[in-house]
Amino acid sequence: MPALRIAIRYLLARKSHTAVNVISYISIAGIAVAAMAMICVLSVFNGFSDLASERLSMVDPDIKVTPRNGRVISNADSLASVISKENGVKVALPTITGEALAIYGDVQAPVNIVGVPVGYGKISAINSLVIDGEMNADTYNNKCAVLSVGTAVQLGARPSTEHTLLLTVPRRIGRINPAFPMAAFTTDTLLVSGVYRTNQAELDNGMLFIPLHNARRLLDYTTEASAIEICQ
């Protein structure tokens, strides 16, 4: 490499002024330090990227089917059953999401609820991210909720059979009676069975998992779903 040989030749050659040598060495040191700093920073971000990908892959399904128009898929249970019979598909399950007001003791907080059916552990490994309590098939059969760590901290909640979590959602359909305003809301009471942490802000703040049938009742749905999650 002629360019490298020329650079080394003029770098090591004795200069007529000592200041030129000093400036050259300082420049080399500055470039070397900057290059090392960039390598360290990029390596750290690369590690964060790997960690985020690993965590998200444990939570997200292989494939997620969402409605092209509207918020929900009609007859999602039947559609999930049909998809489950396709070649290369191990399991397909409907899930539903929505917003609610969570009340735990005297503390209130808006949350995003995710309704999941029995067998959800075959699609998502979020049960392995539980840091307090548990999240398993029995949890989904019972009236239990699994909170994100941010939600648990905000509400001051933890797994317990002595304290209940109240979820309140405005009715999506039906008329409102001004004389009885509470009838305009659908409520459900659940126990906190576990707390999970993914180290992802969008998943660790303001989110909780509840059984699918409880979520559908709260959101005034029957067989609809926000998505069908598929494991290959």
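Whatever comes next refers back to the structure up there.
Residues numbered from 1 in each chain as written. Predicted model: local features only at pLDDT ≥ 70, side-chain atom pairs only at ≥ 80, totals over all residues. Heavy atoms only, no water.

Visitor: I would appreciate a short explanation of the packing of aromatic side chains in the present structure.
Guide: Two numbers describe a pair of aromatic rings. These are the distance of the centres and the angle of the planes. Counting across every chain of the model gives two aromatic pairs. Seen in terms of ring centroids, Tyr120 and Phe209 are 6.3 Å apart; in terms of plane orientation they differ by 40 degrees. Their pairing is tilted. In this pair, Tyr120 sits in the loop between strand S3 (107-116) and strand S4 (130-133) while Phe209 sits in strand S8 (residues 207-211), placing the two residues 89 residues apart along the sequence. The pair Tyr120 / Phe209 is uniform in exposure class, with both members buried. Members of the aromatic cluster, joined through ring pairs, are Tyr120, Tyr196 and Phe209. (Phe/Tyr/Trp six-rings, centres within 6.5 Å; stacked < 30°, edge-to-face > 60°. Helix = DSSP H or I, 4+ residues; strand = E, 2+ residues; numbered from the N terminus. Buried < 20%, exposed > 50% of the residue type's maximum accessible area, 1.4 Å probe, protein only.)

Visitor: Hey, could you run me through unusual backbone geometry in this one?
Guide: The bulk of non-glycine residues show a negative phi, and the bulk of peptide bonds are trans. In this structure, Asn75 takes a positive phi of about 50 degrees despite not being glycine. Relative to the helices and strands, Asn75 resides in the loop between strand S1 (63-65) and helix H3 (76-84). The backbone phi angle of Asp220 is positive, close to 65 degrees, even though this residue is not glycine. Residue classification places Asp220 among the buried residues on the basis of a relative accessible area of 17%.

Visitor: Explain H3 here, please?
Guide: Helical geometry note: an α-helix holds 3.6 residues per turn, so side chains three or four residues apart project in the same direction. Within H3 the residues assigned to the buried category are Ala76, Ala80 and Ile83. Down the axis of H3, the sector holding all buried residues measures 60 degrees, keeping them to one side. Next to the buried residues of H3 lie strand S2 (91-104), helix H7 (212-218) and strand S9 (227-231). (Arc of directions from axis to C-beta. Contact = heavy atoms within 4.5 Å.)

Visitor: Got a minute to help me understand the environment of Asn205 in this structure?
Guide: Structurally, Asn205 is set in the loop between helix H6 (201-204) and S8. For Asn205 and Val153, which are 52 residues apart along the polypeptide, the C-alpha to C-alpha distance reads 9.3 Å. Residues within four places of Asn205 in sequence aside, it is in contact with Ser148, Gly150 and Thr151. A distance of 3.2 Å separates the side chain of Asn205 from the backbone oxygen of Ala201, its partner in a polar contact. (Polar contact = N/O pair within 3.5 Å; in protein donor to acceptor, adjacent residues only side chain to side chain.)

Visitor: Just checking my understanding: could you explain the pattern of salt bridges for this structure?
Guide: If the charged atoms of two oppositely charged side chains come close together, the side chains can form a pair. According to the stated counting rule, one finds five salt bridges in the structure shown. The residue Arg71 makes a salt bridge to Glu99 at a minimum N-O spacing of 3.7 Å. Pair noted here: Arg71 is in the loop between S1 and H3 and Glu99 is in strand S2, with a separation of 28 residues, a long-range link. A relative accessible area of 60% means that Arg71 is categorised as exposed. (Salt bridge = Lys/Arg side-chain N within 4 Å of Asp/Glu carboxyl O.)

Visitor: Would you explain the pairing of strand S6 (residues 160-170) in this entry?
Guide: Across a regular strand the side chains alternate sides, sitting on one face of the sheet and then on the other. Sheet analysis places S2 next to S6, joined by three bridges and oriented antiparallel. Among the inter-strand pairings, Leu101 is bridged to a residue of S6, identified as Thr168. Of the pairings in the sheet, the one linking S6 to strand S7 (residues 185-196) comprises eight bridges and is antiparallel in character. Directly across from Leu165, in S7, lies its bridge partner Leu190. (Pairing = 2+ DSSP bridges.)

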